[in-house]
Amino acid sequence: MYKTSVLQVKKYKMEASKEFFNQFLQFINSADENLAQQLISPAAKFHVPFQADPLQGPKGYLAIIGIMRSGFPDIQWSIDDMITENDKVAVRFTMKGTHNGAFFGVPATGKPIAVSAMNFYRLSDDQIIEETGQPDLLGLMTQIGAMPAM
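Owing to the predicted nature of the structure, the values given are computational and were not obtained by experimental measurement.

J.: Just to check I follow, could you spell out the nonpolar core for this structure?
T.: Note that soluble globular proteins tend to have their nonpolar side chains buried in a common cluster. In this structure, Phe 24, Phe 27, Ile 28, Tyr 61, Phe 93 and Leu 140 are the most contacted members of the largest nonpolar core, which totals 37 residues. Mapped onto this core, the elements with two or more residues apiece are helix 1 (2-30), helix 2 (33-39), strand 1 (40-47), helix 3 (57-71), strand 4 (88-98), strand 5 (112-124) and helix 4 (137-143). Tallying contributions element by element places helix 1 first for this core, with six residues. Excluding residues within four positions of it along the chain, Phe 27 makes contact with Asp 32, Leu 35, Ala 36, Leu 39, Ile 40, Tyr 61, Leu 62 and Ile 65.

Take a look at the structure:
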């Protein structure tokens, strides 16, 4: 009986994580400020490869989305894989969009992109309190012609 209840708790947590990240996906695909307030702790820290200091809170995450949308106004994320362990969640995303704006100094090319990202989250009280994101920036820059293909 104990094993069944432990498995049930794990299954419940996994389903709760899936539901949470479906809402999070809606947030990052829409940049909805209300969802940002709901899903992200004001004290949350976001570690991104292109910034030395972490960004913080809902405004910090909206800034990350803003950076991506400035270069790829139609960018959309989808979840490919997700693993949950206690308060941590690992999510592998695919980002797709069209390079219709300047991105890190590279003028718009009109080229489509499809790039993977691997992000690690910590959750507390049904909010994100930390994220370490690792998008495939080399792949992205190659796809928009900023770097030669290997």
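J.: Honestly, the sheet that holds strand 1 in this entry has me stumped. Any pointers?
T.: The pairing of strands in a sheet happens through backbone hydrogen bonds and is either parallel or antiparallel. Taken in spatial order, the six strands of this open sheet run 2-1-6-5-4-3, and their pairing is mixed. Of all the strands in the sheet, just strand 2 (55-56) and strand 3 (76-85) have a single pairing partner and so form its edges. Bridging between strand 4 and strand 5 involves 11 bridges; their strand directions are antiparallel. Opposite Ala 90, over in strand 5, you have Phe 120 as the bridge partner. Against the sheet, helix 3 contacts strand 1, strand 2, strand 3, strand 4, strand 5 and strand 6 (127-135), and its axis sits at roughly 50° relative to strand 1.

J.: Just checking my understanding: could you explain the pattern of salt bridges for this structure?
T.: Opposite charge on two side chains makes pairing possible when the charged atoms of those side chains draw close. Within the structure shown, the criterion is met by four salt bridges. Residues Asp 80 and Arg 92 are paired through a salt bridge, measuring 3.5 Å at the closest nitrogen-oxygen approach. One end of the pair, Asp 80, is in strand 3; the other, Arg 92, is in strand 4, with 12 residues separating them in the sequence. Residue Asp 80 is classed as partly exposed on the basis of its relative accessible area, which comes to 32%. Note that Arg 122 is salt-bridged to Glu 130, the shortest N-O span being 2.8 Å. The network of salt bridges with common partners includes Asp 80, Asp 81 and Arg 92.

J.: Help me understand the pairing of strand 6, please; the structure alone is not making it clear to me.
T.: When a strand is regular, its side chains alternate between the sheet's two faces. Both strand 1 and strand 6 contribute to a ladder of four bridges, which runs parallel. Considered in strand 6, the bridge of His 47 is made with Thr 132. Across eight bridges, the pairing between strand 5 and strand 6 is antiparallel. Paired with Asn 119 across the strands is Gly 133, a residue of strand 6. Hairpin connection of strand 5 to strand 6: two residues between the antiparallel strands, including Asp 125 at a positive phi of 50°.

J.: What should I look at first to understand the environment of Lys 59 in this one?
T.: Here Lys 59 is to be found in helix 3. Taking relative accessible area as the criterion, Lys 59 reaches 71% and is therefore assigned exposed. Put simply, Lys 59 and Gln 37 are 22 residues apart on the chain and 8.9 Å apart in space, counted from C-alpha to C-alpha.

J.: Honestly, the pairing of strand 4 in this entry has me stumped. Any pointers?
T.: Relative to strand 4, strand 3 runs antiparallel, the two being bridged by nine bridges. Bridged to Met 82 within strand 4 is Val 91. Remark: two residues form the turn of the hairpin made by strand 3 and strand 4, two consecutive strands paired antiparallel; Asn 86 in that turn has positive phi of roughly 55°.

J.: Explanation requested: the packing of aromatic side chains in the structure shown.
T.: Two numbers describe a pair of aromatic rings. These are the distance of the centres and the angle of the planes. This model, assessed by the stated rule, comprises 10 aromatic pairs. Taking 5.7 Å as the distance between ring centres and 75° as the angle between the ring planes, the aromatic pair formed by Phe 21 and Phe 24 counts as edge-to-face. Pair noted here: Phe 21 and Phe 24 are both in helix 1, with a separation of three residues, about one helical turn. Residue Phe 21 is classed as buried on the basis of its relative accessible area of 0%. A residue is classified by how much of its surface remains accessible, and Phe 24, at 1% relative accessible area, is buried. Taken together, Phe 20, Phe 21, Phe 24, Phe 27, Phe 46, Tyr 61 and Tyr 121 form an aromatic cluster joined through their ring pairs.

The rules behind each value
Residues numbered from 1 in each chain as written. Predicted model: local features only at pLDDT ≥ 70, side-chain atom pairs only at ≥ 80, totals over all residues. Heavy atoms only, no water. Core = buried A, V, L, I, M, F, W, Y, C linked by side-chain atoms within 4.5 Å. Buried < 20%, exposed > 50% of the residue type's maximum accessible area, 1.4 Å probe, protein only. Helix = DSSP H or I, 4+ residues; strand = E, 2+ residues; numbered from the N terminus. Contact = heavy atoms within 4.5 Å. Pairing = 2+ DSSP bridges. Axes fitted to C-alpha atoms, helices over the stretch in contact; angles between N-to-C directions. Salt bridge = Lys/Arg side-chain N within 4 Å of Asp/Glu carboxyl O. Phe/Tyr/Trp six-rings, centres within 6.5 Å; stacked < 30°, edge-to-face > 60°.

In short, shape yes, function no, at least from these values alone.
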